[in-house]
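Structural overview for review
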Amino acid sequence: MATVKLSAAEGSIDIPVQGMSCASCVGRVEKAIRSVEGVTAANVNLATERAHVSFAPAEANAVAVAEAIRAAGYEPADSTVELKVAGMTCASCVSRVEKALRRAPGVLDASVNLATERATVRYLGGPEAVERLIGAVESTGYEAEAIRPDHDHSSREQVARDAEIGNLRRALLMAAILTLPVFVIEMGSHFIPAVHDWVIGTLGHRNSWYLQFALTTLVLFGPGLRFFRKGIPALLRRSPDMNSLVVLGTSAAYAYSVVATFLPGLLPAGLDNVYYEAAAVIVTLILLGRYLEAKAKGRTSEAIKRLMGLQAKTARVMRDGEALEVPLDQVLAGDIVQVRPGERIPVDGEVVEGSSFVDESMITGEPVPVQKAEGAEVVGGTINKTGSFTFRATRIGANTVLAQIIRMVEQAQGSKLPIQALVDRVTAWFVPAVMAAALATFLVWLVLGPDPALTFALVNAVAVLIIACPCAMGLATPTSIMVGTGRAAELGVLFRQGEALQSLKETGIVALDKTGTLTQGRPELTDFMTAPGFSEAEALRLIASVESRSEHPIAQAIAAAAGRRGFPLPAAEGFEAVPGFGVSALVEGRKVDVGADRFMTTLGLDVSTFGDAAARLGQEGKSPLYAAIDGRLAAVIAVADPIKASTPEAIAALHALGLKVAMITGDNRRTAEAIARQIGIDQVAAEVLPDGKVEAVKRLREAHGRIAFVGDGINDAPALAEADIGIAIGTGTDIAIESADVVLMSGDVRGVVNAIALSKATIRNIRQNLFWAFAYNVLLIPVAAGVLYPVDGTLLSPVVAAGAMALSSVFVLGNALRLRRFKAPVPSGQVTASTATQAIEGAA
């Protein structure tokens, strides 16, 4: 028995579950898993066919979870990996390694061979589990590495999905070939006199029934056997699913026809009719629906597949002075890797030699290649364009930016939104309710229906069983989440929590931190005006020379501005700083003083010459500084944290979405309100200390409802956690990113607009899907039961019911796939490899 001791940090695993076909399947699997001791939560996603299982930080039984899934009638897909274990010398070593592996989360079985120095481990979970297994071995003092690592896990899942589609295609083709003669013989005989005459004259009435029996039997117990294998055990467990409805419907039509064919005396006179074509066509149409559904479900994860396709397969690594082509999984941190023109960079690293231009559009979305030279960061999956270079691998395997993006997107895609709760409540009783409705339909038609009452009762009951489709209900939410979060990743928006998709849509106000979010986050020289008789270049050169001796951010901004203009900065002598006033020094024998207006007053200088300029700067929220050269007032200077060029457009776009926008800042109120007027902010919370941002968020929530807070600094982390939705700027700190629900890979606030717009589009798409799924059943089940028959004689054939059922799932999937064409309301802004790396590392 695999008993798993888990810490709070590692108390969850993802289990692929095979055999689910509808929302009721999801409910049964979740219920089965939650019944296992130690399980705290189970979230099953029909679209991804995965169960996310969380355990209490105590002991949990992986085997019990697998057995519970099997007991519910489904198959947990486990994986096997072989590890090379070094350092074992005896049987006690083997025992220790085996025990360590069996204690690892999700391990079903582990076997260690001393002679081969290999461990074979069977486990539940995804690719990340291999790293845990290696860690478990290393915790016992031995070394381990994966012989056949699980980096191709998603590829194997794709291979399995392709195999499933191929199997369904073959089954559908066989069913169609066998069903066509049955349909032509039976329906043609009813509606086309020539066909009727040919059947009677060639085959004979009774022989045509025998032929239909043979062909339908092949359909039901050939391609259709999959429904019986799943549906009958579910019935025996008293937990019927969609397969059970198909089995009951087709079996009823088939059994009645068999009795009419071989034992007609058991039926009342005139009721020896056959419905082979209904049973055969139902199976064929449902197979068609399953085939189309499988193909569509594969397309919902195309964003993940495209990301997976960006990974290189091999790397050219320097080993013992020789460049060797090795598989990607054999690259180690610290390896020196060579990259030639046109090649894909295999892993993340830092350039140590050479230079080139690299296409980073897969991370940044920017089509212009970025120059890379010694010391620059490179990201695995990006494409080298022109030159050659070597780099030191810093992140490999699951730690690369690309791998972490994929993992975050997969986690978000597996989330269950609050809106899904309604679906779960309905599907819990849906299939039993449909069976009850079918039974009631049969009895009502048998008692009150016209002659032949038994025939009417059977046909309408079968139609009710077949028309009901919980598949569409189960797919409505997860498919939209998969496509929506995948499209978001392509736009540089990473949803760390899938629930944020729904919460963002309901946001009433967006609050933004100022420094680093709305602004560049670093002071820059914004204004420099000289008095008559002074050259701007000469004055700036002298002033910057003095300020270069100071460590104050404002002084550094002035020095940096001079440096950008190419001015040489001569040495400043006799540097003196007067706290609260300014600085003084001699530059090339000239006395230079820089400081506030009060400093100029102490020097006996009148700053009123710059009165108009100072007033304007004050209205813009800037505090002017003054400079004197050789005792004469020379210049007025303003240094400020400039607003990002994209900020005004982002604020306008948020207003266009009907949202209020607030700014929370520690700046003085005059400066904050000046900036707010400049960019169109609705509300300002100024002079807020770091611990006061939480209170500001609470006040804004009380006034405007659900709030999203956008920030990037360490002091923003509490507010990000307090807000209903925390959105971290990717250029910010790891602490801020870890506290957020959504991460913008760029430092561009326009990403907030795109995230909210995509949230609205996704939730709208989900509601469309749910409306279709529920409306379909609400409207068509009564029609199938025959409620319109007394009005205008309308009855719904089981064949038509099967076609409509298949169409409903395909419609829902097709509607979800429309999200792939979502267009961002505003450009997503520029992302650099370094900011993307920072964003991902913090979020992972």
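Note that the structure is predicted; figures quoted are calculated from it, not measured.

Observations concerning the overall build of the protein chain
- Each helix and strand counted, the protein chain has 31 helices and 32 strands in total.
- Counting every position in the protein chain, which comprises 844 residues, the buried fraction comes to 54%.
- Taking as baseline every contact in the protein chain between residues at least 6 positions apart, the subset at least 24 positions apart corresponds to 70%.
- A total of about 35000 Å² of accessible surface is found on the protein chain, and carbon and sulfur atoms cover 57% of it.

Let's talk about the confidence of the model for the protein chain
- Residue-level pLDDT values for the protein chain average 80, and 84% of them are 70 or greater.
- Here strand β1 (residues 3-5) stands out as the least confident element of the protein chain, with mean pLDDT 37; strand β25 (residues 590-595) is the most confident, with 93.
- Low pLDDT (under 50) marks residues 1-10, which in the prediction has 36 contacts with non-local residues, meaning those over four places away or in another chain.
- In this model residues 829-844 is a low-confidence stretch, pLDDT under 50, and it forms 54 contacts with partners more than four residues away in sequence or in other chains.

Quick word on the UniProt feature "transmembrane region" (unreviewed entry) in the protein chain
- Here the UniProt-annotated "transmembrane region" (unreviewed entry) positions come out as residues 171-189, 209-225, 245-267, 273-292, 426-448, 454-477, 770-789 and 795-817.
- In this annotation, residues 770-789 is assigned 85% helix and 0% strand; the end-to-end C-alpha distance for the span is 28 Å.
- Secondary structure across residues 795-817 comprises 87% helix and 0% strand; the distance between its end C-alpha atoms is 33 Å.

Looking at a nonpolar patch on the surface
- On the surface, a nonpolar cluster with roughly 420 Å² of combined accessible area is contributed by Y210, F262, L263 and L266.
- Among the secondary structure elements, F262 is positioned in helix α9 (residues 242-262).
- What makes F262 partly exposed here is its relative accessible area of 42%.

Description of the environment of A773
- Of note, A773 is situated in helix α28 (residues 750-785).
- Along the sequence, A773 and V812 sit 39 residues apart, while their C-alpha atoms lie 7.6 Å from each other.
- For A773, the residues in contact, after removing those within four places along its chain, are A472 and M473.

With respect to the pattern of salt bridges
- All chains considered together, the criterion is met by 23 salt bridges.
- Across the pair E75 and R70 runs a salt bridge, and its minimum N-O distance is 3.1 Å.
- When its relative accessible area of 36% is taken as the criterion, R70 is described as partly exposed.
- The residue D593 makes a salt bridge to K591 at a minimum N-O spacing of 3.5 Å.
- Accessibility expressed as a relative area gives 36% for K591, which makes it partly exposed.
- Three or more residues are tied together by salt bridges with common partners; here these are E538, R541, E588, R590 and D630.

Observations regarding the nonpolar core
- Grouped together as the largest cluster of nonpolar side chains are 144 residues, with contacts concentrated most on I15, M20, I33, L504, I727, V742 and V752.
- Sort the elements by how many residues they give to this core and α28 lands first, with 16 residues.
- Setting aside residues up to four positions removed in sequence, I33 forms contacts with V39, A42, A51, V53, V65 and I69.
- With 40 residues, the next largest nonpolar core counts I543, A614, L625 and Y626 among its residues.

Overview of a negative patch on the surface
- Negative charge collects at one region of the surface, where E350, E353, E374 and E377 lie side by side.
- With respect to the secondary-structure elements, E374 resides in the loop between β16 (370-372) and β17 (377-378).
- Since its relative accessible area comes to 65%, E374 is described here as exposed.

What about helix α15 (residues 453-467)?
- With 15 residues, α15 extends 21 Å from end C-alpha to end C-alpha; this agrees with the ideal 21 Å at 1.5 Å per step.
- Of all 15 residues that make up α15, 14 are buried, and the element is covered over most of its length.

Quick notes on unusual backbone geometry
- With an omega of -10°, the peptide bond running from D451 to P452 counts as cis.
- Note that P452 resides in the loop between α14 (420-448) and α15.
- Positive phi, close to 55°, is recorded for D320, a residue that is not glycine.
- Counting through the fold element by element, D320 comes out in the loop between β11 (314-319) and β12 (322-327).
- According to the relative accessible area criterion, D320 is exposed, its value standing at 85%.

Focus: the packing of aromatic side chains
- All told, the structure shown has 12 aromatic pairs when counted by the stated rule.
- With 5.7 Å between their ring centres and 20° between their planes, Y210 and F262 make a pair best called stacked. With Y210 in helix α7 (residues 205-221) and F262 in helix α9, this pair connects stretches of sequence that are 52 residues apart.
- Assessed through its relative accessible area of 36%, Y210 is described here as partly exposed.
- Between F221 and F228, the ring centres sit 5.2 Å apart and the planes meet at 35°, which makes this aromatic pair tilted.
- Here a set of aromatic residues connected by ring pairs shows up, and it is made of Y210, F213, F221, F228, Y254, F262 and Y276.
- A cation sits over an aromatic face here: R598 above F581, 5.8 Å from the ring centre.

Thoughts on the packing of helix α19 (residues 536-547) against helix α20 (residues 553-564)
- One way to put it is that α19 packs onto α20 with a least axis distance of 8 Å and a crossing angle of 135°. By the criterion of interaxial angle, the relationship of α19 to α20 is oblique. In terms of crossing hand, the pair formed by α19 and α20 is left-handed. Contacts between α19 and α20 involve L540, I543, A544 and E547 from the first element and A555, Q556, I558, A559 and A562 from the second.
- Taken together, the residues of the contact of α19 with α20 break down into seven nonpolar, one polar and one charged.

Focus on the sheet that holds strand β2 (residues 12-18)
- Within the open sheet, the four strands sit side by side as β3-β4-β2-β6. Their pairing is antiparallel. The sheet is open, and its two edges are formed by β3 (39-45) and β6 (75-76), each paired on a single side.
- Pairing of β3 with strand β4 (residues 50-55), which is carried by six bridges, proceeds in the antiparallel orientation. From the neighbouring strand, V44 faces β4, where its bridge partner is A51.
- Relative to the sheet, helix α1 (residues 23-34) contacts β2, β3 and β4, its axis offset from that of β3 by approximately 160°.

Let's talk about the packing of helix α8 (residues 225-236) against α9
- It is at 7 Å that the axes of α8 and α9 come closest, and there the two elements cross at 105°. By the angle class used here, α8 and α9 are roughly perpendicular. The segment α8 lies against α9, with F227, F228, K230, G231, I232, A234 and L235 engaging N243, S244, V246, V247, L248, T250 and S251.

Rules used throughout
All residue numbers here refer to positions counted from 1 along the written sequence of the relevant chain. In keeping with the predicted nature of the model, local features appear solely for residues at pLDDT of at least 70, side-chain atom pairs appear and are counted solely at 80 or more, and the whole-chain, interface and lining totals rest on all residues. In computing side-chain values, all of the structure's heavy atoms are included and hydrogens and water are not. Each helix is a run of H or I in the DSSP string that is no shorter than four residues. Each strand is a run of E no shorter than two, and both are numbered from the N terminus. Only protein chains enter the calculation, and the probe is 1.4 Å; a residue is then buried if its accessible area is under 20% of its type maximum, exposed if over 50%, and partly exposed in between. Pairs of residues are marked as contacts when any of their non-hydrogen atoms sit within 4.5 Å. Note that accessible areas follow from Shrake-Rupley with a 1.4 Å probe, and for residues the cover is restricted to the protein chains shown. Note: pLDDT gives the predictor's confidence per residue, expressed from 0 to 100. UniProt positions are given in the numbering used here, feature names are shortened, and annotations may be inferred rather than shown by experiment. Grouping into patches uses exposed residues only, defined as over 30% relative accessible area, and leaves out salt-bridged ones; the cut-off is 9 Å for like charges and 5 Å for nonpolar side chains (Val, Leu, Ile, Met, Phe, Trp, Tyr). We define a salt bridge as a contact between a side-chain nitrogen of Lys or Arg and a carboxyl oxygen of Asp or Glu at a distance within 4 Å. Working definition of a nonpolar core: buried Ala, Val, Leu, Ile, Met, Phe, Trp, Tyr and Cys residues. They are joined through side-chain atoms within 4.5 Å. Under the convention used here, Asp and Glu are negative, Lys and Arg are positive, and both His and the chain ends fall outside the count. Charge placement uses NZ in Lys and CZ in Arg. For Asp and Glu, CG and CD serve respectively. To estimate how far a helix should reach, multiply one less than its number of residues by 1.5 Å. Between rings of Phe, Tyr and Trp, where Trp is taken as its six-membered ring, a pair exists when centres lie within 6.5 Å; planes separated by under 30 degrees are stacked, by over 60 edge-to-face, and by other angles tilted. Here, over-ring charges are defined by two tests on the NZ atom of lysine or the CZ atom of arginine: distance to the ring centre within 6 Å, and angle to the ring normal within 35 degrees. For every element, the axis is a line fit to its C-alpha atoms; helices are fit only across the contacting stretch, and the angle between N-to-C directions ranges from 0 to 180 degrees. The labels follow the angle: roughly parallel below 35 degrees, roughly antiparallel above 145, roughly perpendicular from 65 to 115, and oblique for the rest. Two helices cross in a left-handed way if the nearer one is turned anticlockwise from the farther one by less than a right angle. They cross in a right-handed way if the turn is clockwise. Here the nonpolar group is Ala, Val, Leu, Ile, Met, Phe, Trp, Tyr, Cys and Pro; Asp, Glu, Lys and Arg are the charged ones; every other residue, Gly included, is treated as polar. In this scheme, strands are said to pair when DSSP sees at least two bridges between them.

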